[in-house]
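# Commentary on secondary and tertiary structure
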Amino acid sequence: MAGIRDTVGRQSGRAPLVTRRSLLVGATAAGGLALAWSVWPRDYRPNLTAAPDEHIFNAFLKIGDDGHVSTIVPQCEMGQGVTTLLPQIIADELGADWRTVAVETAPISPLYANTLVVDEDSAAFMPRAGVPDFVADVRGWVRREWAVRHAVMLTANSSSVRMFEGPCRDAAAQARVLLMMEAARRWDANWQECDTQDGFVLHQGKRLRFGELAAAAARLTPPDPPVYRASSTDPLYGKELTRLDLPAKVDGSANYAGDIRLPDMVYAAIRQGPFGATRLKSIDKKAGLASRDVLYVVEHERWVAAVARNWWAANRALDRFAPVFETRGPQISTDRIDAALSSALAADGWRIAQQGDVEGAMEGRTGIAAEYLVAPALHAPIETRSATAAVDGDRLRVWVATQAPAQCRAAIARATGLAESAVILFPMMAGGSFDACLDHSVAVQAAIIARQIKRPVQLAWSRAEEIMRVPPRAPARAKMTATLNSAGGIDALVSRIAVPATNHEVRARLFDHIPADIAQRNAAGKADAAAVEGAAPLYAIPHHAVDHCPADIGLPTARWRGNADSYTAFFTECFIDEMATRAGSDALSYRMAMLGDAPLLARCLLTATTLGGWEGGLSGSAQGLACHAMRGSYIALLATARPSDGGLQVEQLVAVVDAGRLVNPTIARQQVEGGLIFGLAAAVGATTDYEGGVATARKLHQLGLPKLSQSPEMLIEFVDSDREPGGLGEIGVPVVAPAIANALFAATGRRIRRLPLSAHPL
Amino acid sequence: MTKFSVNDRPVEYRMDPETPLLWALRDASNLTGTKYGCGTGDCGACTVDIDGEAIRSCLVTIAECEGRLVTTIEGLSRDRSHPVQQAWVAEQVPQCGFCQSGMIMAAAVLLRGNSSPSDAEIDAAITNICRCGTYPRIRAAVRRAGRVLRGEERIAAAPPPGIRPEDAARAVPAMRAPPGS
C-alpha cells in the first residue's frame, strides 16, 4: 500500500481529471473557461451547510469541534456501500480515527459531477473510431464541462470509486495540510514535519486533536498542488471495515423515501396507463371517493392517484375509481418485440467496432452462425418507486432516492412550474434500484399531488405498477458468425446485435424530460455504441466486428445493473463455447489459446478453473465457463448446473475477480456475491411477457427470482492487484447466464440460446 | 375489534378492520422498519413475529390480530443486542438493507425454536426475497447467531444507538467531550 500512496497525485490515475493540455484546448474552444481542479475552490462552499460547531474544509469534508469528521458522499447509496467506501478513502488520507467518521449526502453542485460516466457513455453518441485524437480531446473536454455545468452527479456504471477516489483523496489531503499548518503555527514548527494519525496531528511527541484545530485550520489557505500523506503503518485503505450503514439496517431505523413521516402527511397510490401514447380517459369519481379513508383524487393526463389516510386504503380505492386509459398506436406485445428484433437483425445496422478485415477474411469461406435471444430484464428492487413531497411556502421539499439528483430536481421543477431553486431535494438511500432510480416519475408525481392537495404526501407505487411501468433493460437478439482457421480457432467473428438504442432513450428522458414513448420513437434507428458494449471480445481474434442493429420494439427501455454487457457476454461466451465444441477442444484451453493479449483475464480464468476443479468440460460434467471484462475489472466464472426434477439446479459458482486494488475487500466481495445472484436471477427469470401494451406479470412470484434455497454455493477469490480500482457493482452479473448455459450443455448436450434459461425447460 | 399488543404496548387501531397489519404498523404506528415490497406475501420484507410465528404482515388483517402479540424489528431489541442483529453486522449481511428487517425477523423466529438449524431448515424458514444477493451471508449469519444463542460465542459488532458524547470521548481519544461535561 505504501508504494501506492507515496505516488498519489503524480501518476495519471489519480491526476486531476482535466489535464493541462485538454484544459487549454478546451478553453480555446469554449471561450476561456478555466477551473482549478487540483484544489477545490472555496467559492463553491456556500452550497454545503454546517452546524455551529462544524467547519467546512471543502466539498467533501467538515470537521467538528468535538472531533467528528463529516464526509460528504455525492452518490446514491443503493447497497453498493458507497457511503462507506468514499469515507474510508477520505479517512485514510486524512489520518482520521474511523470511529469519528460520519456521512452526509451531498447537495446538488457542479463540484460533484460524475465526469467519468459522461466520458464513458459519450461513446454512445459519438463513436470515437475514426476521430483524430486531437478532436476527440476537445470533445472530451466539452463533455466533461457540460457534465460539470449541469451537475451531472450520476450514480451509474460501477463508477463511484473510479470517479471519486481522486477527488476524495485530494479533499482529504487538503484538509490534512490545513490541520497540520494550524498545529505547526501553535507549536512554532514546520508543518511539513508534522503528520496525522487516528484523528491527531503529530509532531515530535506533541499531538493535537483535529477537533481542537478545525475552526482555525478551515480558514487557512492550502498549498497548491495538494500534498499527500506518506505511508501509514496502519492504513484504513484496504481494510475490511464494517459498513457505516449496517447498524441502522438491522434495527429498522434506516430511512428510505417511503419511511419519511411528516405532520399532517397523507398517503397516495397510483395507477398509470400502458407504455405508449396513453391518456387517462375516465374514472368513477363517485365510487372511488366513497371508499373508506379516501381523502382526495388527483387526475393527470397519464395517471390517477388516490390519496388516503393510509396507503392500503388509497390503493384499494383505485380499484373503485376504475380508471380507463386510452392508448393510441400499436400495442406492445412479446410477439411484436420479437418480430422487431428479427427484422432489425435482417436490416442494415451500424458498425460500432472493427478490427482487421472481416469481410476479406470471411469471403469465400463457410461461416458458422448461431442466433441468440434475450428477454427484457426487470429491475424488480424490493423497494417500489417511492417519494415524499411537501409544500413549504413558495418552495417544495421532496424526499426520493435518485441516481441523478440534479436531473430529478429539474424534472420536478419543470412539471410543477417552480424554479429549480424552489425545489429542495433530499436524496435518500435506495432499496435496491439496480438503475431503476434513474427514473424520476415517482418524484414528479408526488410533487404534483402535494401541490394539488396542499398537504404533505407520500406516494408509493404498488408492486404491479413497479413491474409494469419501470422500463426494463432491453431485450436483444444476436447473430454471431465466425469463420475458423485450420486448427478450429476463430479467424473472423461478427457480432450482429439487434437491440433498441436504449441510451438515446435514457438521455432524452433524463436530460431533456421527454416522455418515454416519444423518447423511444425518437431513438429508433440511431446508432448506440453503449447498447452493444462488451461485445468486442478480449480474445485475440484477427478479424472481428460489432454491429448495432437498432430495433424499434415499441417498449421503452432503460439502464440496468450490468447494462449491455449482461447480454453481449451471453452471446460471446456461449458462442465461443460452441466453437470450442466444434473444434473438439476443451472450453478452457480453447479460451486460453486466444487470451495471450489479455493476461489479467487469462489469470482469472486459470485461477477459477483450478479452484473449482475444472474437469475438462467433458460431456456429463455439468461444468460451464464464462469470462468477461468491464469497467476496468475482470472476472472468470466456473458454474456447475444441471437439470433436476425441480427445474434448473445451479449447484456452485466459483468466481475469480481482478478489480484492481480494493478499498474494502468485504464490500468488494458483497458486490460480487450480489452481482452473481443478480445474474442468476436474470438467467432464470426477472422478466415478463407483454400483451396488449402491458406486462403480463403483476406479482413478484411470477418473476421467478431466486430465493435462499436456490442460492448456489459460492466461492469468490480476488486477485491481489495494485492496479487502479475497477468497477465492482456490475462485474458479477454478465458471466452467470453464459456459464450456466454452457454447464447445461455439458450436462445434457443441449444448447440453450435463449434467456431466461428456465423458460425453456430441458 | 382491532386491539392487540405491538412491541409490548397495547394498541387499538381505529382503522378499517380489513386493513393489513403492515399498513397499521407503518402508517398508523410509524413503525417503518417493516417494509412493503409486494403486498402478496412473496417477498417477506414485511415479516413480523406474531405470537412466536414469522408472519407476512401484508397478509394478515388487523382484525385477525385481535388479542395477539406482535413484535416488529423495532421491538426485537432496544439496542441492537439481539444475537441475530449482532450476527447480521458481524457477517456484514445487508447491502441496500430494504429486505433485511424481514430477513432478521424470520431468522429470529427460526432460532428461537431451534438454535442449530440445518441448511435445509434455514432454507425452509427464510423464503424472503433479496435482490442484492445477501443469501450466502444470511446462511452464515443465522449459524453464527445460533452459536451466540447456544452460548458458544459472543459478538459485539453493532454498537447500541444513542451513545452519549462523554462516553464517546472516553472511548475514542480523537473525540472531545462537550464543554461542561
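Conventions we followed
Residues numbered from 1 in each chain as written. Chains lettered and ligands numbered in written order. Predicted model: local features only at pLDDT ≥ 70, side-chain atom pairs only at ≥ 80, totals over all residues. Heavy atoms only, no water. Contact = heavy atoms within 4.5 Å. Buried area = accessible area lost by both parts, 1.4 Å probe. Salt bridge = Lys/Arg side-chain N within 4 Å of Asp/Glu carboxyl O. Polar contact = N/O pair within 3.5 Å; in protein donor to acceptor, adjacent residues only side chain to side chain. Axes fitted to C-alpha atoms, helices over the stretch in contact; angles between N-to-C directions. Helix = DSSP H or I, 4+ residues; strand = E, 2+ residues; numbered from the N terminus. Parallel < 35°, antiparallel > 145°, perpendicular 65-115°, else oblique. Left-handed = near helix turned anticlockwise from the far one by under 90°. Pairing = 2+ DSSP bridges. 1 Å grid on protein atoms, 1.4 Å probe; cavity = no way out; pocket = protein on both sides within 12 Å on 5 of 7 lines; lining within 4 Å. Points joined across faces, edges and corners; volume = space filled by probe spheres on them. Nonpolar A, V, L, I, M, F, W, Y, C, P; charged D, E, K, R; others polar. Domains from an automatic or database assignment.

Right, let's talk about the interface of chain A and chain B for a bit. Taken together, the contacts link 77 residues of chain A with 58 residues of chain B. The junction of chain A with chain B conceals about 5500 Å² of combined surface from both sides, 58% of it contributed by carbon and sulfur atoms. Considering only the side of chain A, the residues that lose the most area to chain B are Val 250, Ile 382 and Leu 708 of chain A, jointly responsible for 15% of the buried surface there. Linking chain A with chain B are six salt bridges, by the criterion used here. Of the charged contacts in the structure, one is a salt bridge between Lys 35 of chain B and Asp 259 of chain A, with a shortest N-O distance of 2.4 Å. Seen at the junction of chain A and chain B, the total is 36 residue pairs in polar contact (both at pLDDT 80 or more).

Residue and element names in this part refer to chain A. For the pair helix α13 (residues 405–416) and helix α14 (residues 441–453), the least separation of the axes is 9 Å and the interaxial angle reads 40°. Classified by the angle their axes make, α13 and α14 are oblique. Crossing of α13 over α14 shows right-handed handedness. Residues Cys 408, Ala 411, Ile 412, Ala 415 and Thr 416 of α13 touch α14, and the partners they reach there are Ala 443, Val 444, Ala 447, Ile 448 and Arg 451.

All names here are of chain A. If you walk across this open sheet you meet the four strands as β22-β23-β24-β27, and the pairing is mixed. Only two strands of the sheet have a single partner each, and these edge strands are β22 (623–630) and β27 (713–718). Taken over all neighbouring pairs, the strand axes of this sheet differ in orientation by 20° on average, direction set aside. Of the strands in this sheet, β22, β23 (633–644) and β24 (647–658) touch helix α22 (residues 736–748), which is tilted by about 40° from β23.

This brings us to the layout of surface pockets. Residues and elements named next belong to chain A. The computed volume of the second largest pocket comes to approximately 920 Å³. Along the wall of the second largest pocket there are 36 residues; nearest its centre are Asp 439, Ser 441, Ile 514, Pro 515 and Ala 516. Secondary-structure elements contributing two or more residues to the lining of the second largest pocket are α13, α14, α16 (502–512) and α17 (516–523). Per-element tally for the lining of the second largest pocket: the top contributor is α14, with four residues. Considered class by class, the residues forming the lining of the second largest pocket number 19 nonpolar, nine polar and eight charged. Viewed by domain, the lining of the second largest pocket spans two of them, domain 2 (257–328 + 385–460) and domain 3 (348–377 + 472–759), each represented by three or more residues.

Moving on to the domain arrangement of chain B. Residue and element names in this part refer to chain B. Under the domain assignment, chain B is made up of domain 1 (3–75) and domain 2 (83–149). Centre-to-centre, using C-alpha coordinates, domain 1 lies 20 Å away from domain 2. Tallying the contact residues gives 16 residues for domain 1 and 13 residues for domain 2. Both faces considered, domain 1 and domain 2 share a buried interface measuring about 1200 Å² in area, 59% of it formed by carbon and sulfur atoms. Where domain 1 touches domain 2, the interface holds one salt bridge. We note a salt bridge from Asp 49 to Arg 112, for which the minimum N-O separation is 2.8 Å. There are six residue pairs in polar contact (both at pLDDT 80 or more) connecting domain 1 and domain 2. Looking at the side of domain 1 that touches domain 2, the elements that each hand over two or more residues are β3 (47–50) and β4 (53–56).

Looking now at empty space enclosed by the protein. Taken as a whole and assessed by the stated rule, the structure comprises 15 cavities of 30 Å³ or more. If you add up the space inside the largest cavity, you get close to 480 Å³. Residue lining of the largest cavity: 34 residues in total, with Gln 80, Ser 158, Gln 671, Leu 728 and Gly 729 of chain A positioned closest to the centre. The set of elements that each furnish at least two residues to the lining of the largest cavity consists of α6 (160–187) and α21 (665–684) of chain A. Per-class residue counts for the lining of the largest cavity are 13 nonpolar, 16 polar and five charged. As for the second largest cavity, its lining consists of 15 residues, and the residues nearest its centre are Gly 258, Ser 386 and Ala 460 of chain A together with Trp 23 and Arg 26 of chain B.

All names here are of chain A. Taken in spatial order, the four strands line up as β1-β2-β3-β4 in an open sheet, and their pairing is mixed. Taken across any chain shown, the strands that pair with only one partner, and hence form the sheet edges, are β1 (54–58) and β4 (101–105). Mean inter-strand twist for the sheet, computed between neighbouring axes without regard to direction, equals 25°. In the packing of helix α3 (residues 82–94) onto the sheet, contacts are made with β2 (61–64), β3 (69–73) and β4, and the angle to β3 comes to roughly 130°.

Here we come to unusual backbone geometry. In this model, Asp 224 of chain A is joined to Pro 225 of chain A through a cis peptide bond whose omega is 0°. Cis geometry is found at the peptide bond from Leu 755 of chain A to Pro 756 of chain A, where omega equals 0°. Non-glycine residue Asp 8 of chain B carries a positive phi angle of around 70°. Positionally, Asp 8 of chain B belongs in the loop between β1 (3–6) and β2 (9–12). A positive phi angle is found at Arg 80 of chain B, which is not glycine, with a value near 60°. Tracing the sequence through the fold places Arg 80 of chain B in the loop between α2 (73–76) and α3 (83–90).

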